[in-house]
Amino acid sequence: MKKKIFMTLTLVLAMSTSMFAQSEPVVLEEGGTGPYKAVMYEVEGFGEHTVFAPKDLSVFNAKNALPVLVWGNGGCANSPRGHEKFLNDIASYGYIVLATGIMPKQDAPRGMGMGFGGNQSRSEQQVESMDWAFAQNADKNSPFYQKIDTKNICISGMSCGGLQALFNCFDERVTSIMICNSGLFEQPEGGEGPRMPGMPNVPKDKLKEIHCPIIYILGGESDIAYVNGMDDFKRIEHVPAIAVNLPVGHGGTYNQPHGGEFAIVARAWLDWQLKGDQEASKMFVGDSPAILQRKDWTIVKNAKVK
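Residues numbered from 1 in each chain as written. Predicted model: local features only at pLDDT ≥ 70, side-chain atom pairs only at ≥ 80, totals over all residues. Heavy atoms only, no water.

Asker: How would you summarise the overall build of the protein if you had to cite specific residues and measurements?
Answerer: Looking only at helices and strands, the protein features 7 helices and 9 strands. Long-range pairs, those at least 24 residues apart, make up 70% of the contacts in the protein with a sequence separation of at least 6. (Helix = DSSP H or I, 4+ residues; strand = E, 2+ residues; numbered from the N terminus. Contact = heavy atoms within 4.5 Å.)

Below you can see the structure in the form of structure tokens.
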């Protein structure tokens with residue numbers, strides 16, 4: 001453990017000595033629906049990661065810092081292609097989103113497939129995102145210097161990316177988990193569950209390592225991850241856990257304008273968990289949570305949710 005901590009600190013210090021150089025920012029959907037118009041870009045020295053953040057960082061400081069959303073992609077893809085509208089809209093509400101993989105090229109044909117972005121993604125890229133956030137927050141040369149809320153980090157992902165997030169659930173820096181269209185496979189006795197390159201082999205016992213609130217955002221019974229995700233939820237009794245469903249299937253609403261319904265519900269979770277917004281908590285808590293006022297959503301909660 002000490003060796004791992006030393007290696008992480010070494011990486012953070014190495015990152016913090018470099019100058020900040022980013023690619024030309026890309027504006028998606030007029031910067032999102034939030035008050036802090038967002039942009040998407042890559043940063044030199046932070047390879048195979050895409051940053052979504054408010055374009056104007058001048059309003060953020062140590063007292064009004066950006067919580068962190070770490071994202072892993074469906075299909076173990078090494079690019080957030082197909083999720084960029086969803087992630088960009090979240091960033092526009094005052095978040096820094098660090099997505100696994102190279103930045104999507106907006107002039108490329110749609111439907112590039114799982115392997116878009118080169119090699120398949122790795123679970124470790126989410127850890128690299130957290131390391132980078134800590135480094136930038138400490139680096140006086142970074143535009144994010146003392147503007148990242150490193151005490152409020154949500155790891156998340158869709159499908160394979162959700163498995164990657166669960167693989168990393170033990171990390172003490174994580175304060176919230178959001179699993180989208182995903183759930184752990186039941187492991188056959190003496191064997192491994194089905195997986196593709198980049199998909200971590202995560203046994204159900206891993207759920208015991210979760211130490212913070214978690215939500216599953218699923219696509220209803222037609223979602224191929226529905227059974228696994230709901231089974232995960234039923235097994236989690238030691239931390240607050242919620243499962244919500246919208247019957248749209250495994251593809252969710254990520255590629256709809258501004259990320260569709262999934263973005264609205266995900267943002268409510270993030271606002272509650274990472275910003276302490278009690279108004280946002282009403283989406284999920286109480287006898288009549290606000291999510292039930294939205295068309296076709298359902299919700300279940302464990303006894304730890306207050």
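Asker: Just give me the short version of the side chain of asparagine 245, but keep the residues and values in it.
Answerer: Turning to its location among the elements, asparagine 245 is positioned in strand S8 (residues 241–245). Look at asparagine 245 and you get buried, because its relative accessible area is 8%. A polar contact is formed between the side chain of asparagine 245 and the backbone nitrogen of glycine 220, at a distance of 2.8 Å. Leave out the neighbours within four places in its chain, and asparagine 245 touches Leu218, Gly219, Gly220, Tyr226, Met230, Asp296, Trp297 and Thr298. (Buried < 20%, exposed > 50% of the residue type's maximum accessible area, 1.4 Å probe, protein only. Polar contact = N/O pair within 3.5 Å; in protein donor to acceptor, adjacent residues only side chain to side chain.)

Asker: Could you give me a rundown of the state of the cysteines, with the residues and numbers involved?
Answerer: Here the structure, examined in full by the defined rule, presents 1 disulfide. Looking at the unpaired cysteine 154, the closest cysteine sulfur is the one in cysteine 212, lying at 7.8 Å. The exposure class of cysteine 154 is buried, given its relative accessible area of 0%. Look at cysteine 212 and you get buried, because its relative accessible area is 5%. (Disulfide = S-S within 2.5 Å.)

Asker: Talk me through the sheet that holds strand S7 (residues 214–218); I want residue IDs and the actual numbers.
Answerer: In spatial order, the strands read S1-S2-S4-S3-S5-S6-S7-S8-S9; together these 9 strands make up an open sheet with mixed pairing. A single partner strand is all that each edge strand has here, and the edge strands are strand S1 (38–41) and strand S9 (298–301). For this sheet, the mean angle separating the axes of adjacent strands, direction not counted, is 15 degrees. Direction of pairing for strand S5 (residues 148–158) relative to strand S6 (residues 176–180): parallel, over a ladder of 5 bridges. Of the residues in S6, the one forming a bridge with isoleucine 155 is isoleucine 177. Running over the sheet, helix H3 (residues 124–138) touches strand S2 (49–54), strand S3 (66–72), strand S4 (96–100) and S5 and is turned about 160 degrees from S5. (Pairing = 2+ DSSP bridges. Axes fitted to C-alpha atoms, helices over the stretch in contact; angles between N-to-C directions.)

Asker: Run through the pattern of salt bridges, naming residues and quoting values.
Answerer: Per the counting criterion, the structure on display carries 14 salt bridges. For glutamate 48, the salt bridge is made with arginine 122, and the minimal N-O distance between the two is 3.7 Å. Of this pair, glutamate 48 sits in the loop between S1 and S2 while arginine 122 is found in the loop between S4 and H3, placing the two residues 74 residues apart along the sequence. Classification of glutamate 48 by relative accessible area gives partly exposed; the value is 31%. With its nearest N and O atoms 2.7 Å apart, the salt bridge here joins glutamate 186 to arginine 235. Placement of glutamate 186 in the loop between S6 and S7 and of arginine 235 in helix H5 (residues 226–235) is noted, with a sequence separation of 49 residues between them. Glutamate 186 gets classed as partly exposed once you look at its relative accessible area, which sits at 48%. Here the salt bridges do not stand alone but share partners, grouping Glu186, Lys204, Asp231, Asp232 and Arg235 into one network. (Salt bridge = Lys/Arg side-chain N within 4 Å of Asp/Glu carboxyl O.)

Asker: An account of the confidence of the model for the protein is needed here, citing residue identities and associated values.
Answerer: Considering every residue of the protein, the mean pLDDT works out to 90; 86% of them sit at 70 or more. In this model residues 1–17 is a low-confidence stretch, pLDDT under 50, and it forms 14 contacts with partners more than four residues away in sequence or in other chains. Here residues 111–115 is modelled with pLDDT under 50, and outside its nearest four sequence neighbours on either side it reaches 8 contacts, counting other chains as well. (pLDDT = per-residue confidence, 0-100.)

Asker: Pulling in residues and values, what's your account of the packing of aromatic side chains?
Answerer: This model, assessed by the stated rule, comprises 11 aromatic pairs. The interplanar angle of 80 degrees and the centroid separation of 5.4 Å between the aromatic rings of tyrosine 254 and phenylalanine 262 together place this pair among those described as edge-to-face. Seen from their ring centres, tryptophan 269 and tryptophan 272 are 5.6 Å apart, and the 90 degrees between their planes marks the pair as edge-to-face. You can see tryptophan 269 and its partner tryptophan 272 sitting in helix H6 (residues 260–275), 3 residues apart, about one turn around the helix. Take tryptophan 272: its relative accessible area is 14%, and that puts it in the buried class. (Phe/Tyr/Trp six-rings, centres within 6.5 Å; stacked < 30°, edge-to-face > 60°.)

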